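Inside the fold
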Amino acid sequence: GDYALPGGVIFSMGLVWVSCGFFGARAGQIGLPPLVGMITCGFVLANVGALGIGDTWKTANSLGRGVALGIIMLRAGLGMDIKVILANFGLLCALGFIPALAEAFVVGAAAMGLFGMDYTWG
């Protein structure tokens, strides 16, 4: 029906799929990661008004972004070498915890300095 016509959800999703695939392939040919071409194409399509942005499109877009993120994370996880991860376990723990602890201390100090909170609340 109307969803497959220009401006509809199916048409817009197909436009995104085909054009982002095309620009991803072109980015790969010039030495850039294909994801750069795909993201750039999606950004341009969304900002020039080529996509029918309605409530149904926003829901479908949100679902598509979630699936894409899952695929990216899965591909990244499958590409890891477990032996290298285990050999650098201490470094990976430090890279995970040190930024979080630094942020907690900075936020706590800012809360105590700006809002006058005591140590137990800051």
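Our subject in this report is the structure included herewith. (Residues numbered from 1 in each chain as written. Predicted model: local features only at pLDDT ≥ 70, side-chain atom pairs only at ≥ 80, totals over all residues. Heavy atoms only, no water.)

Here we take up the overall build of the chain. If you tally the helices and strands in the chain, you get five helices and zero strands. If you list the helices and strands of the chain from N to C, you get α-α-α-α-α. Counting over 122 residues, the chain shows a buried share of 12%. Accessible surface, the chain as shown: approximately 9,400 Å² in total, 74% of it carbon and sulfur. (Helix = DSSP H or I, 4+ residues; strand = E, 2+ residues; numbered from the N terminus. Buried < 20%, exposed > 50% of the residue type's maximum accessible area, 1.4 Å probe, protein only. Areas by Shrake-Rupley, 256 points an atom, 1.4 Å probe, with all protein chains shown as cover.)

Moving on, we come to a nonpolar patch on the surface. A surface patch of nonpolar side chains, amounting to about 580 Å² of accessible area, comprises Leu-35, Met-38, Ile-39, Leu-69, Ile-72 and Met-73. Counting only elements with at least two residues in the nonpolar patch, the list comes to α2 (34-47) and α3 (55-78). Looking at Met-38, the relative accessible area reads 34%, which means it is partly exposed. (Patch = residues over 30% accessible without salt bridge, like charges linked within 9 Å, V, L, I, M, F, W, Y side chains within 5 Å. Salt bridge = Lys/Arg side-chain N within 4 Å of Asp/Glu carboxyl O.)

Right, let's talk about the packing of helix α1 (residues 9-29) against α2 for a bit. Between α1 and α2, the least distance of the axes is 7 Å, while the angle of their chain directions is 140 degrees. Overall, the two elements α1 and α2 adopt an arrangement that is oblique. Read as a crossing pair, α1 and α2 show a hand that is right-handed. Here Leu-15, Val-16, Ser-19, Cys-20, Phe-23, Gly-24, Ala-27 and Gly-28 of α1 lie close against α2, whose contacting residues are Pro-34, Gly-37, Met-38, Cys-41, Gly-42 and Leu-45. Within the contact of α1 with α2, the residues separate by chemical class into nine nonpolar, five polar and no charged. (Axes fitted to C-alpha atoms, helices over the stretch in contact; angles between N-to-C directions. Parallel < 35°, antiparallel > 145°, perpendicular 65-115°, else oblique. Left-handed = near helix turned anticlockwise from the far one by under 90°. Contact = heavy atoms within 4.5 Å. Nonpolar A, V, L, I, M, F, W, Y, C, P; charged D, E, K, R; others polar.)

With the rule as written, the count across this model stands at one aromatic pair. Between the aromatic rings of Phe-22 and Phe-23, the centroid separation amounts to 5.4 Å while the plane-to-plane angle is 85 degrees, which identifies the pairing as edge-to-face. (Phe/Tyr/Trp six-rings, centres within 6.5 Å; stacked < 30°, edge-to-face > 60°.)

Considering the arrangement of structural elements, one finds Gly-21 in helix α1. Spatially, the C-alpha atom of Gly-21 lies 8.3 Å from that of Gly-37, the residues being 16 residues apart in sequence.

This part is about α1. Since there are 3.6 residues in each turn of an α-helix, residues three or four apart along the chain are aligned in direction. Between the first and last C-alpha of α1 there are 30 Å, a value that for 21 residues agrees with the 30 Å anticipated at 1.5 Å per step. Looking one or two places after α1, you find Gly-31, whose phi comes out positive at around 95 degrees. (Expected span 1.5 Å × (residues − 1).)

Our focus in this paragraph is the side chain of Ser-19. Mapped onto the fold, Ser-19 is located in helix α1. Under the relative-accessibility criterion, Ser-19 is labelled buried at 13%. With residues up to four places along the chain from it excluded, the contact list for Ser-19 reads Cys-41 and Leu-45.

Its 14 residues place the ends of α2 20 Å apart at the C-alpha level, agreeing with the 20 Å of an ideal helix rising 1.5 Å per residue. Every buried residue of α2 is accounted for by Gly-37, Cys-41 and Leu-45. The arc that holds every buried residue of α2, seen down its axis, measures 60 degrees, which confines them to one face. Among the exposed residues of α2, those oriented more than 90 degrees off its buried face are Ile-39, Phe-43 and Asn-47. The inward-facing, buried residues of α2 contact α1. (Arc of directions from axis to C-beta.)

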